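# Observations on the three-dimensional arrangement
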Amino acid sequence: MIRFENVGLRYGMGPEVLRDVNFHLAPASFHFLTGPSGAGKTSLLKLMFLANRPSRGLITMFGQDIATLPRADLPPLRRRIGVVFQEFRLIDHLTTYENIALPLKIQGRKEESYRADVEELLAWVGLGDRMNAKPPTLSGGEKQRAAIARAVVAQPDVLLADEPTGNVDPEMGQRLLRLFVELNRLGTCVLIATHDRALVEAAGAPELVLRNGGLTVRG
Ligand SMILES: Nc1ncnc2c1ncn2[C@@H]1O[C@H](COP(=O)(O)OP(=O)(O)OP(=O)(O)O)[C@@H](O)[C@H]1O
């Protein structure tokens, strides 16, 4: 589903942040992405979301070499990927409910076909009473949970999440993990970048470990 072969990344004239990175994520697999701060976890996720291009090497997403992908093919490919970035990227003038429902609306679905599901998801992530609030009035943890709900609502083929439990208490962290596990059970390939050892140990999934630009697989 996602394959990296000898991938290297540098920003401008800087040193290589990622070096000879090789791995394969199978459909419906579940992995964590770990490593010390600055090891390149966010950079790796951005390569997978096609927000950055590698300096060298081959990245294949859904069987396509991304280097040869026409620009026009990027949006449909991105729609197969749910992402939770550290800066959340919610749309400020839409309500929390509208933000979360947006991927379904973009798919052309009628609101009556998804309203109940979106409300159930909002309740699961503890935002049931905040659904009409706009993002600027949400706390950091609430924004994070809204971003997670939006990333999972359309059951994407791939979920990429950067520190998804960084702003929530341990109990909510475990609740969010159950959401990711359930999504994975339904067929989504899940990759979670985290420093949260409790999360990694609770899930018991294999880890992609980044260190000094190199990547090893553990577990
Ligand atoms: N846009 C950029 N321009 C230049 N250097 C960058 C850029 N983004 C990241 N870097 C550098 O790349 C390296 C890896 O950063 P990255 O954010 O990918 O690490 P990380 O493992 O996600 O860190 P953290 O756990 O702190 O979020 C760091 O040295 C960082 O300073």
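Check the entry above for the structure.
Throughout what follows, the structure given in this document is the object of discussion. (Residues numbered from 1 in each chain as written. Predicted model: local features only at pLDDT ≥ 70, side-chain atom pairs only at ≥ 80, totals over all residues. Heavy atoms only, no water.)

This paragraph deals with the sheet that holds strand β1 (residues 2–10). Ordered by their spatial adjacency, four strands build an open sheet running β2-β1-β4-β5, and the pairing between neighbours is antiparallel. The open sheet has two edge strands with one neighbour each: β2 (16–25) and β5 (64–65). (Pairing = 2+ DSSP bridges. Helix = DSSP H or I, 4+ residues; strand = E, 2+ residues; numbered from the N terminus.)

Bringing the sheet that holds strand β3 (residues 30–34) into the picture now. Taken together, the six strands give an open sheet; going across it, the order is β6-β7-β8-β3-β9-β10, and neighbouring strands pair in mixed fashion. On the outer flanks of this sheet lie β6 (81–84) and β10 (214–218), each paired with one strand and no other. Within the sheet, the average angular offset between the axes of one strand and its neighbour, ignoring direction, is 15°. Note that strand β9 (residues 207–211) and β10 share five bridges and pair antiparallel. In the sheet register, Glu 207 faces β10, and the bridge partner there is Arg 218. Across the face of the sheet, helix α1 (residues 41–48) comes into contact with β3, β6, β7 (158–162), β8 (189–193), β9 and β10 while running at roughly 155° to β7. Of the strands in this sheet, β6 and β7 are in contact with helix α5 (residues 140–152), which crosses β6 at around 175°. (Axes fitted to C-alpha atoms, helices over the stretch in contact; angles between N-to-C directions. Contact = heavy atoms within 4.5 Å.)

Moving on: the packing of helix α3 (residues 96–106) against α5. As a packed pair, α3 and α5 sit with axes 7 Å apart at the nearest point and diverge in direction by 25°. Judged by the inter-axis angle, α3 sits roughly parallel to α5. For α3 against α5, the interelement crossing comes out right-handed. When α3 is examined against α5, the residues Thr 96, Asn 99, Ile 100 and Pro 103 are found in contact with a partner set consisting of Ala 146, Ala 149 and Arg 150. Classifying every residue of the contact of α3 with α5 gives four nonpolar, two polar and one charged. (Parallel < 35°, antiparallel > 145°, perpendicular 65-115°, else oblique. Left-handed = near helix turned anticlockwise from the far one by under 90°. Nonpolar A, V, L, I, M, F, W, Y, C, P; charged D, E, K, R; others polar.)

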